[in-house]
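# Descriptive structure summary
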Amino acid sequence: MQANKTQRLIFTFFVAAIGGYIFSILNMPLPWVLGALTFTFIAQGLLKREAYIPTPIKNTSFIILGIYRF
């Protein structure tokens, strides 16, 4: 079970990093957010593989982005 979550986490980070990099090359706005979200969304749809981000990492990223709601 743990290996599956770890593999999904690595997959999610890998796809998000590629998306952010490509959006950065294309000079798109907010590439680290929009690129990561877009590529993760597309990868989930095409590959039928669910992305995984643990809650503490997700909440920390929301705080950094300034969209966390208490």
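As a starting point, this report considers the structure included with it.

What counts and how
Residues numbered from 1 in each chain as written. Predicted model: local features only at pLDDT ≥ 70, side-chain atom pairs only at ≥ 80, totals over all residues. Heavy atoms only, no water. Helix = DSSP H or I, 4+ residues; strand = E, 2+ residues; numbered from the N terminus. Buried < 20%, exposed > 50% of the residue type's maximum accessible area, 1.4 Å probe, protein only. Lys, Arg positive; Asp, Glu negative; His and termini not counted. Salt bridge = Lys/Arg side-chain N within 4 Å of Asp/Glu carboxyl O. Contact = heavy atoms within 4.5 Å. Expected span 1.5 Å × (residues − 1). Phe/Tyr/Trp six-rings, centres within 6.5 Å; stacked < 30°, edge-to-face > 60°.

For arginine 8, the position within the fold is in helix H1 (residues 2-25). The side chain of arginine 8 is buried and forms no salt bridge, while glutamate 50, the nearest opposite charge, is found at 4.1 Å. The residues touching arginine 8, leaving out its near neighbours within four places in the chain, are Glu50, Ala51 and Tyr52.

Helical geometry note: an α-helix holds 3.6 residues per turn, so side chains three or four residues apart project in the same direction. End to end, helix H2 (residues 31-47) covers 22 Å across 17 residues, agreeing with the expected 24 Å (1.5 Å per residue, within 8%). Residues of H2 that are buried: Pro31, Val33, Gly35, Ala36, Thr40 and Ala43. Positive phi shows up at lysine 48, right after H2, with a value of about 55°.

Another point: the side chain of threonine 40. On the secondary structure map, threonine 40 appears in helix H2. Beyond its immediate chain neighbours, meaning those up to four positions away, threonine 40 contacts Thr12, Val15, Ala16 and Ala51.

Moving on to the packing of aromatic side chains. Throughout the structure, instances matching the rule amount to 1 aromatic pair. On the numbers, 6.2 Å between centres and 85° between planes, the contact of phenylalanine 23 with phenylalanine 39 is edge-to-face. Of the two residues, phenylalanine 23 sits in helix H1 while phenylalanine 39 sits in helix H2, which places them 16 residues apart along the sequence. With relative accessibility at 24%, the residue phenylalanine 39 sits in the partly exposed group.

Purely geometric numbers; function is a separate question.
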